There are 2 protein chains.
Amino acid sequence: MGIVVQKYGGSSVADVEKIMKVARRIVDCKKSGNQVVAIVSAMGKTTDNLIKLAGEISSSPPKREMDRLLSTGEQISMSLLAMAIDSLGEKAVSLTGPQAGIRTDSKYSKAKIVNIVSNRLKKELENDNIIIIAGFQGETEEHDITTLGRGGSDTSAVSVAAALNADLCEIFTDVDGVYSCDPRIVPNIRKLSAVSYDEMLELALLGAKVLHPRSVEVGKTHGVEIHVRSSFSHDIGTIVKKEVLDMEHDGLITGIAHDKDVAKVVIFGVPDTPGTAAKILKALADENINVQMIVQSAQIKNINDIAFTCSSDEAREAANILEKIGEEIGAERVVINENIAKVSVVGAGMMTHSNIASRMFSSLGENDINIDLISTSEITISVTVDIEQCEKAVRVLAEDFELVN
Amino acid sequence: MGIVVQKYGGSSVADVEKIMKVARRIVDCKKSGNQVVAIVSAMGKTTDNLIKLAGEISSSPPKREMDRLLSTGEQISMSLLAMAIDSLGEKAVSLTGPQAGIRTDSKYSKAKIVNIVSNRLKKELENDNIIIIAGFQGETEEHDITTLGRGGSDTSAVSVAAALNADLCEIFTDVDGVYSCDPRIVPNIRKLSAVSYDEMLELALLGAKVLHPRSVEVGKTHGVEIHVRSSFSHDIGTIVKKEVLDMEHDGLITGIAHDKDVAKVVIFGVPDTPGTAAKILKALADENINVQMIVQSAQIKNINDIAFTCSSDEAREAANILEKIGEEIGAERVVINENIAKVSVVGAGMMTHSNIASRMFSSLGENDINIDLISTSEITISVTVDIEQCEKAVRVLAEDFELVN
């Protein structure tokens, strides 16, 4: 007897038949003697359709209203799932993010969970109800609904698991676990049986879509073990946890992430005075622009170029902010390049093996893949390449670091 | 400068183009110097589609979940309308029923508004915002969302107008006012320039779909004048108010209502002991079955038949309740007849003219229309007829009572 938190993504509840399947899975878990809390995403293409509808009304809809609009998608699927469970003879109650006590900041469209007021959840579990929660949403102090950004349902699930001190947090998805790289690019790639929070966080931040980075952070902070698995089978997937024994790792590196949905923004001719870079980055952070790689290079004396990457859909906004601040500080110009991709290798092994960077750069060079920006962290090396060469780069590295079966 | 509450029905916001039209109308009202609160229904067929989806999951979905599901329809249209207003350069904020402070009882699917906590509304008006409220919904004390039943957005609007002590409450609909009877049946029927709360209430209760009966009740209780008008023109519609001067009325009766969506339920052989009828009616009321006409007739000594009408979609549930209670009290059997319609004449003039009933029955008789049940109130006479003869009955009475142009 334990508390199990499960999260089902949009493809798992895409139609009535799939909703019934998910309902049966939840009921099975309940009948095994567990208290079950399920977090659910919007059905299939619902969110995309709502975005399209809003686009027909306004080219720049207010973010508050956009969040209000999008939050309905999860509220539809949660109600239908609760009905499906009821039709199987079990008691279920659906709760919106606000009803589930999920409190966030007020950064609409990418709000962060501040805390979870869990009274209602505990009451419903005491009443022997299965709880279905609308993922991807919460509310501000002023009771306005917010969304957590794409993939935010993962974060809803892990946060709820932490708040309830759950025994298990299962993320059901349309793949059967975490792979060393995208199996659509390298079909014989190895599935990971376990991965550490830090490695998973890097993989997620670097573009692996299987888990939302925030969810991994929350898991790490609160020690929630996350089981990533397929909603279409009963196979064991990948466990994300604190430490992964060496025996569980087969190679020097754990995975290769890539991200085509990335743009490079460069601000040229920035006067090299103390605090300028900080000023630029603060302006971006204030608007919640998620800056990834940051590279500063001095072209001529006292003048720097600062390049960074961010997600493609934030590039235009980032450039606008930089143009404004550029005028203030006397920079030359701002250029966006969306024709790039980011490829990264991740592995805790890097901390004890120094030759990984050189091996990575040689592999790419020998295969005529040109490297643009480079940035590194303790367990990651990222490079940007031409978007056309992204998949080739992933394949070359997967072979070279022996991640294939 | 005043507070104007407007309500736009589903056909007024059926697509993006219509939403833009409504937005322009609201902005015009605001620019004339008013504070505007708009209540909005779900877009076109949204509610029907959600009901269909739920039907594919379960033949009897829990009412709580059904309310949760249906409430998303209005939340979509309110967000889109707020975006549309924003795109026209005016500040707008959308609020769900719960956010607007609309508190209801917990009778899911036909909840009643208990009160409106108007702090948030007043704050948004002070901030010079146009407020868009999702109609048809509120929340219980436990913060669970409820819906007010079909047509409930009218009630939302009039209740909000009462809570804000609004100067004007406009109900925009797809017809241009209240007619003496359905203009689809009698094309040259007269439009009413004004109608009293009591008459409108009877017309609405008796099947005129233009205003929800509860909204008229609320208007009467709080003295909110209601202007029913077309969302497709700027013509004056019909004013619903306390007293209508004789000069504003042209005939003996104000209108003729009809309702085909009605069923007769008869419980035969009820022992005639004190309190039995009350017991039956209480059982129905406990399940929120809306009983309309009630006729009791003694067939043989100490044995009664009790017949009543209710809406068709409640007939099966009503019969089930009666069969259960029938066993307890020793009644014979329960029969449903859905093949009937109700036709009613309404008019305050009835209180001073005694010959209206006889005139009505003669007109119908002379035209070979057979009358089944009869019931009367101070300002109403209702009869049931065969459903096939309903429209003929309306036409005959409209001619006879001189309601046509």
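Residues numbered from 1 in each chain as written. Chains lettered and ligands numbered in written order. Predicted model: local features only at pLDDT ≥ 70, side-chain atom pairs only at ≥ 80, totals over all residues. Heavy atoms only, no water.

Asks: Explain the packing of helix α1 (residues 16–31) of chain B against helix α3 (residues 63–87) of chain B to me, and be specific about the residues and the numbers.
Replies: Residue and element names in this part refer to chain B. Axis separation between α1 and α3 bottoms out at 9 Å; the angle between their running directions is 60 degrees. Between α1 and α3, the interaxial angle falls into the category oblique. Viewed along their axes, α1 and α3 form a crossing whose handedness is right-handed. On α3, the residues touching I19, M20, V22, A23, I26 and V27 of α1 are L80, L81, A84, I85 and S87. Looking at the contact of α1 with α3 residue by residue, the class counts come to 10 nonpolar, one polar and no charged. (Axes fitted to C-alpha atoms, helices over the stretch in contact; angles between N-to-C directions. Helix = DSSP H or I, 4+ residues; strand = E, 2+ residues; numbered from the N terminus. Parallel < 35°, antiparallel > 145°, perpendicular 65-115°, else oblique. Left-handed = near helix turned anticlockwise from the far one by under 90°. Contact = heavy atoms within 4.5 Å. Nonpolar A, V, L, I, M, F, W, Y, C, P; charged D, E, K, R; others polar.)

Asks: Before we move on, could you go through the relation of the copies chain A and chain B and cite the residues and values that matter?
Replies: When chain A is fitted to chain B, the residual RMSD is 0.1 Å, and the transformation amounts to a turn of 180 degrees plus an axial shift of 0.1 Å. On the angle and the small slide along the axis, the relation comes out as a two-fold axis. Minimal C-alpha separation from the rotation axis in chain A is found for A:T72, amounting to 2.8 Å. Most of the interface of chain A is mirrored in chain B, where 100% of its interface residues are also at the interface. (Least-squares fit on C-alpha atoms with pLDDT ≥ 70 in both.)

Asks: Any chance you could break down the interface of chain A and chain B for me, citing the residues and the numbers?
Replies: Residue-level contacts link 40 residues of chain A with 40 residues of chain B. Across the chain A to chain B interface the summed buried area is about 3000 Å²; carbon plus sulfur atoms make up 64%. Among the residues of chain A in contact with chain B, A:I57, A:E65 and A:M83 are the three that bury the most area, contributing 23% of the side total. Inspection of the chain A/chain B interface yields two salt bridges. Across the contact surface, chain A and chain B share 16 residue pairs in polar contact (both at pLDDT 80 or more). Those elements that place two or more of their residues in the side of chain A that touches chain B are α1 (16–31), α2 (46–57), α3 (63–87) and β3 (92–95) of chain A. For the side of chain A that touches chain B, the leading source of residues is α3(A), giving 16 residues. Of the residues contributing to the side of chain A that touches chain B, the split by class is 22 nonpolar, 10 polar and eight charged. (Buried area = accessible area lost by both parts, 1.4 Å probe. Salt bridge = Lys/Arg side-chain N within 4 Å of Asp/Glu carboxyl O. Polar contact = N/O pair within 3.5 Å; in protein donor to acceptor, adjacent residues only side chain to side chain.)

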